[in-house]
Structures are given as C-alpha cells and as structure tokens.
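A closer look at the structure
Chain by chain, the residues:
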Amino acid sequence: EVYARPATTFVAGFIGSPPMNLLEGQATGPGRYAVGDVEIDLPAGANAPVSAAVILGVRPEHLSLGTSGWPLVVEMVEVLGAERLIYGKLGASSV
C-alpha cells in the first residue's frame, strides 16, 4: 500500500528503486496535465482536478518507450545487466 499509494511526496520519492517520478505541473482540464510547456494526457479514469497546481507521481515501471505518448527527451541510458534505466526530460522535469 505504501508503494502503490504513498501518503506524501517524501515517501513517494524514497520508496522504490528507482524512485517514483514526481512531476510538478498544472492540471489544465479533464485528463490533461501540463509540465512546463509540455501538455500530456492522463490515463482514463485518473483522479485529477480540472484546474490546479499538482504533483503527478509516476512509477518508472509504468512507463514505456514508444512512438506516441509523452515527448520524453532521453539524456542517458544506464545498463544494469538485463535491465536498462532510461533518464530523460519531460519539459523541465527529470524522468
């Protein structure tokens, strides 16, 4: 429960390896979220306000690379045996 639904941003960033991505931004409408100048769609059913400053928490294992979706700029790939950790930027936020 602590891993899936942390009560604070401190716990969210502390539990897990790699830790949860915490993206500061603005809810801009139903299912829409802005990180700096990048607008992203939230998954269907996401419980988010329509307009407010919010912090979006995303576990790294819930992200995947593809040709559509969030425009991540890859900065580094860390090879850990069978795993690859990909570091990048989504707007001004590190992911």
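In what follows, the structure referred to is the one given above.
Starting from 1, residues in each chain are numbered consecutively following that chain's sequence as written. With pLDDT at 70 or above as the cut-off, local features in this predicted model cover only qualifying residues; side-chain atom pairs require 80 or more to be listed or tallied, and sums for whole chains, interfaces and linings still use all residues. Side-chain numbers here rest on the full set of heavy atoms in the structure, without hydrogens or water.

Let's shift gears to the overall build of the protein. The helix and strand tally for the protein stands at one helix and seven strands. Each helix and strand of the protein, placed in order from N terminus to C terminus, yields the pattern α-β-β-β-β-β-β-β. The quantity called the radius of gyration is restricted to C-alpha atoms. Its globule counterpart is 2.2 Å times the number of residues to the power 0.38. The C-alpha atoms of the protein give a radius of gyration of 14 Å, which matches the 12 Å a tight globule of 95 residues would have. Projected onto the principal axes, the alpha-carbon positions of the protein cover approximately 40 × 30 × 20 Å. For the exposure calls, accessible area comes from a 1.4 Å probe over protein chains only, and a residue counts as buried if that area is under 20% of its type's maximum, exposed if over 50%, partly exposed in between. Relative to its full complement of 95 residues, the protein shows a buried share of 22%. Where helices and strands are cited, they refer to DSSP runs of H or I of at least four residues and of E of at least two residues respectively, numbered from the N terminus.

Each pair of strands is called paired provided DSSP finds at least two bridges between the two strands. Spatially, the three strands line up as an open sheet ordered E5-E6-E7, and their pairing is antiparallel. The open sheet terminates on both sides in strands that have one partner only, identified here as strand E5 (73-80) and strand E7 (93-94). As defined by bridge partners, E5 adjoins strand E6 (residues 83-90) across seven bridges and the pair is classed as antiparallel. The residue of E6 that forms the bridge with Leu-80 is Glu-83.

All right, on to a nonpolar patch on the surface then. Patch rule: a residue counts if its relative accessible area is over 30% and it has no salt bridge; like charges are joined within 9 Å, and nonpolar side chains (Val, Leu, Ile, Met, Phe, Trp, Tyr) within 5 Å. All accessible-area figures derive from a Shrake-Rupley calculation using a 1.4 Å probe, and residue coverage is judged against the displayed protein chains alone. Within this document, salt bridges are pairs made up of a side-chain nitrogen of Lys or Arg and a carboxyl oxygen of Asp or Glu, the two lying within 4 Å of each other. Where nonpolar side chains cluster on the molecular surface, the patch consists of Leu-65, Val-74, Val-77, Val-79 and Ile-86 and spans about 430 Å² of accessible area. The greatest single-element share of the nonpolar patch, amounting to three residues, is contributed by E5. Its relative accessible area of 42% is what places Val-74 among the partly exposed residues.

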